[in-house]
Amino acid sequence: MAYRFLSSRIVPPSNRLSRRFIFIFTISLSFMYLCYSILLCSGTIMPNQRLEEHRCVRLKNMGSKKLLQKSHYCTISAKARVISDETRAVSYKLFVWQYCYIADYESNMSDIGTLHVIEILVEIRRMYIKCHRGLMPRTLDSQITMEKTPSYFVTREAPRRISNMSRETKLIVVVRNPVTRAISDYTQTLSKKPDIPSFEELAFKNRSQGMVDTSWNAIRIGMYILHLENWLQYFRLSQIHFVSGERLITDPAGEMGRVQDFLGLKRIITDKHFYFNRTKGFPCLKKPESSSQPRCLGKSKGRTHVQIDQEVIEQLREFYRPFNVKFFEMVGHDFRWD
Ligand SMILES: Nc1ncnc2c1ncn2[C@@H]1O[C@H](COP(=O)(O)OS(=O)(=O)O)[C@@H](OP(=O)(O)O)[C@H]1O
C-alpha cells in the first residue's frame, strides 16, 4: 500500500527508469532489514547460550554416572523462554513486513522480474527458518532440546509450523481439570489486572440459560479436544504425551517417570528428588542442580484461587463434560475430572 501511494504520487507511471530505481531501493531496504533481523537473531543466540548451563540439568549430578557422561536433560528456564518468544515475535514481524512489502511491489510492477522477486522471497523464508532454528541451543546426538511455550497448544498455526521444522518432534502437554484451569487462569489475570469483571461475568454469555462464553480464553483453552484435533492433523497421537496436572502435584515422581519413558530416557528423576513442602502446600525439589538448597516453584505457582460459587462450578462442569469425554476417548486415558 505504501508503495502504491508513493509511486502513484511521486513517480509518473510511465517513468520506467524511476520505477526501476524505486524497485532497487525497495530491494536494498528489504535486504537491510533482512540483515538486521539475522543479526538480531544471532544477538539473542548468545544470551541463550549463556543460559544453557541453567537450562540443562546435567544428569551426571543426579546419580547415574554411566549414562550421564553423555546425556543432558534440558529444560528451558523462564528467562530463556521470554528471550526466545520475544525474538521470534520481532523476527516474525520483520519477516511479514518484508514479505508483504515485496509482494505488494510485485503486484504493482508488471515489468520487473517476477522470478527475481520470488527468489528473494524464498531466500527470506530460508533465512527466517534458519533464524528460528538458531534460537535453539546446539545439541549433540545424545542431548535433547526442549522448548516450553504453553500457548502453542492452543495456537492454530503452531502444529503446522512445528511440523515444518521437524515432523519427529515429541510434544508434552500438561492438562488439568478445565474448570480448575479456568479459575487458575482468572486468578492469575486478576493478580495483574484487579479491575477486570467477575469470573461469572466473563464465563457466561447468559448465565441463567447456561450459555458459556467460549470466546473467553480461560474457557476456550480447556476445550482440549478441539486443540488436540488441530495437532493431530500434523502429528501422530503417539508423538504427544499428556501429563496429568493433578497427579503432577500428588505424585510428581510418577508423572516424571512417565515423561522420561516417553522421551526414551532412563528413569533418573525419582521420588528421591522430591519432598512435600508444607508451607508451600506443593512438592518441591530436594536439591536442584543450581544450588544445594531445596527449591520450590515461585509465588505465582500454586496461589490460592478466587472463591467461585459452587453452582457456577457445576454449570462449567456440565459444559466441559462432553469435551472431556471425547478427549479421554481420543487419548485413551480417563483423567477423572468429574
Ligand atoms: N510443585 C508445584 N508447585 C507449585 N505449583 C505446581 C506444582 N506442580 C504443579 N503446580 C501447578 O502449576 C500451576 C501453575 O502452572 P502454570 O500452568 O501457570 O505454569 S506456566 O506459567 O504455564 O508455566 C499451579 O496452578 P495454580 O495452583 O492455579 O497456581 C499449580 O497448581
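The model shown is predicted, which means the values in this text are computed figures rather than measured ones.

**A closer look at the pairing of strand β4 (residues 171-175)**
Only one face of β4 is buried, namely the one carrying Leu 171, Val 173 and Val 175, since none of Ile 172 and Val 174 on the opposite face is buried. Alignment of β4 against strand β7 (residues 240-244), held across 5 bridges, turns out to be parallel. Across the sheet, Val 173 pairs through a bridge with Phe 242, a residue of β7.

**Section: the environment of Thr 250**
By the secondary structure assignment, Thr 250 is in helix α11 (residues 245-250). Remark: the alpha-carbon pair of Thr 250 and Pro 283, spanning 33 residues in sequence, is separated by 7.9 Å.

**With respect to the packing of aromatic side chains**
One pass over the full model with this rule turns up 15 aromatic pairs. Summarising the aromatic geometry, the rings of Tyr 186 and Trp 216 are spaced 6.2 Å apart at their centres and angled 80 degrees between planes, so their arrangement reads as edge-to-face. Of this pair, Tyr 186 sits in helix α7 (residues 178-192) while Trp 216 sits in the loop between β6 (211-212) and α9 (217-220), and the two are 30 residues apart along the sequence. Of the two residues examined, Tyr 186 and Trp 216, each falls in the buried class. Both rings, one in Phe 335 and one in Trp 337, keep their centres 5.2 Å apart while their planes meet at 25 degrees; by these two values the pair is stacked. For the residue pair Phe 335 and Trp 337, the accessibility class agrees, reading buried in each case. A connected cluster of aromatic rings, assembled from ring pairs, spans Tyr 224, Phe 242, Phe 327, Phe 328, Phe 335 and Trp 337. Residue placement shows Lys 170 over the ring face of Phe 262; its charged tip is 5.3 Å from the ring centre.

**Overview of the state of the cysteines**
Throughout the structure, instances matching the rule amount to 1 disulfide. Paired through a disulfide, Cys 284 and Cys 296 show a sulfur-sulfur distance of 2.1 Å. Judged by the sign of its S-S torsion, about 100 degrees, the bond between Cys 284 and Cys 296 is right-handed. Of the two residues, Cys 284 is situated in strand β9 (residues 282-285) and Cys 296 in the loop between β9 and α13 (310-331); the sequence distance between them amounts to 12 residues.

**Here we look at the site of the ligand**
Ser 184, Pro 283, Lys 301, Gly 302 and His 305 are the nearest of the 14 residues found near the ligand. Between the ligand and Lys 148 there is a distance of 2.9 Å, counted from an oxygen atom to a side-chain nitrogen or oxygen. Here Lys 301 contributes a side-chain N or O atom positioned 2.6 Å from an oxygen atom of the ligand. In the complex, the protein chains occlude 76% of the 640 Å² of accessible area that the ligand would expose alone. Broken down by secondary-structure element, the contributors of at least two residues to the shell around the ligand are α7 and β9. For the shell around the ligand, the class distribution of residues is 5 nonpolar, 5 polar and 4 charged.

**Focus on the UniProt feature "binding site: 3'-phosphoadenylyl sulfate" (unreviewed entry) in the protein**
Here the UniProt-annotated "binding site: 3'-phosphoadenylyl sulfate" (unreviewed entry) positions come out as Arg 176, Ser 184, Lys 301, Gly 302, Arg 303, Thr 304 and His 305. Summarising the element assignment, Lys 301 is placed in the loop between β9 and α13. Positionally, Arg 303 belongs in the loop between β9 and α13. Leave out the neighbours within four places in its chain, and Arg 303 touches Gln 188 and Ser 191. A polar side-chain atom of Arg 303 sits 3.2 Å from a polar atom in the side chain of Ser 191.

**Section: the pattern of salt bridges**
Taken as a whole, this structure holds 10 salt bridges when the rule is applied. When the shortest N-O distance is used, the salt bridge between Glu 168 and Arg 236 registers 3.5 Å. Highlighted residues: Glu 168 in the loop between α6 (158-165) and β4 and Arg 236 in the loop between α10 (224-231) and β7, separated in sequence by 68 residues. Arg 236 sits in the partly exposed class, given a relative accessible area of 46%. In the salt-bridge network here, residues are joined through shared partners; they are Arg 207, Asp 309 and Glu 311.

**Let's talk about the environment of Met 256**
Counting through the fold element by element, Met 256 comes out in helix α12 (residues 252-262). In sequence terms Met 256 and Ile 268 are 12 residues apart; their C-alpha atoms lie 9.3 Å from each other.

**Here we look at the packing of α10 against α13**
Helix packing for two helices is described by the angle between their axes and how far apart those axes are. Where α10 meets α13, the closest approach of the two axes is 8 Å, and the angle between their N-to-C directions is 40 degrees. Relative to α13, the element α10 lies oblique. Side by side, α10 and α13 meet where Tyr 224, Ile 225, Leu 226, Leu 228 and Glu 229 of the first sit next to Phe 323, Lys 326, Phe 327, Met 330 and Val 331 of the second. Residues that form the contact of α10 with α13 fall into these classes: 8 nonpolar, no polar and 2 charged.

**Focus on α12**
Along α12, 9 of the 11 residues are buried, which leaves the element largely enclosed by surrounding structure. Regarding α12, the residues found buried are Pro 252, Ala 253, Gly 254, Glu 255, Met 256, Gly 257, Val 259, Gln 260 and Phe 262. The positive-phi residue at the C-terminal boundary of α12 is Gly 264, with phi of around 75 degrees.

Reading guide: rules and limits
- Chains are numbered independently. Their residues run from 1 in the order of the written sequence.
- Whole-chain, interface and lining totals are the exception, using all residues; otherwise, since this is a predicted model, local features are given only for residues with pLDDT of at least 70 and side-chain atom pairs are given and counted only at 80 or more.
- Only hydrogens and water are set aside when side-chain values are computed; all heavy atoms of the structure are taken into account.
- Relative accessibility under 20% of the residue-type maximum defines a buried residue, over 50% an exposed one, and the middle range a partly exposed one, all with a 1.4 Å probe and only protein chains included.
- A run of DSSP states H or I qualifies as a helix once it reaches four residues; a run of E qualifies as a strand once it reaches two. Both are numbered from the N-terminal end.
- In this analysis, strands are considered paired if DSSP registers two or more bridges between them.
- Ring pairs are drawn from Phe, Tyr and Trp, using the six-membered ring of Trp, whenever the two centres fall within 6.5 Å, and their geometry is named by plane angle: stacked under 30 degrees, edge-to-face over 60, tilted for the rest.
- Ring-over charges, as used throughout, are those where CZ of Arg or NZ of Lys falls within 6 Å of the ring centre and within 35 degrees of the ring normal.
- Cysteine sulfur atoms are paired as a disulfide whenever they fall within 2.5 Å.
- We call a residue near a given molecule or strand whenever any one of its heavy atoms falls within 4 Å of it.
- By the criterion applied in these results, polar contacts are pairs of N or O atoms within 3.5 Å in which, for protein atoms, one can donate a hydrogen and the other can accept it, and in which residues neighboring in sequence qualify only through two side-chain atoms.
- All accessible-area figures derive from a Shrake-Rupley calculation using a 1.4 Å probe, and residue coverage is judged against the displayed protein chains alone.
- Each residue is assigned to one of three groups, with Ala, Val, Leu, Ile, Met, Phe, Trp, Tyr, Cys and Pro labelled nonpolar, Asp, Glu, Lys and Arg labelled charged, and all others, Gly among them, labelled polar.
- UniProt positions are given in the numbering used here, feature names are shortened, and annotations may be inferred rather than shown by experiment.
- Here, two residues are considered to be in contact whenever any of their heavy atoms come within 4.5 Å of each other.
- Here, a salt bridge means any Lys or Arg side-chain nitrogen found within 4 Å of an Asp or Glu carboxyl oxygen.
- Comment: axis = line fitted to C-alpha atoms, over the contacting stretch for helices; angle = value between 0 and 180 degrees taken between N-to-C directions.
- Roughly parallel refers to an angle under 35 degrees, roughly antiparallel to one over 145, roughly perpendicular to one between 65 and 115, and oblique to any angle outside these ranges.

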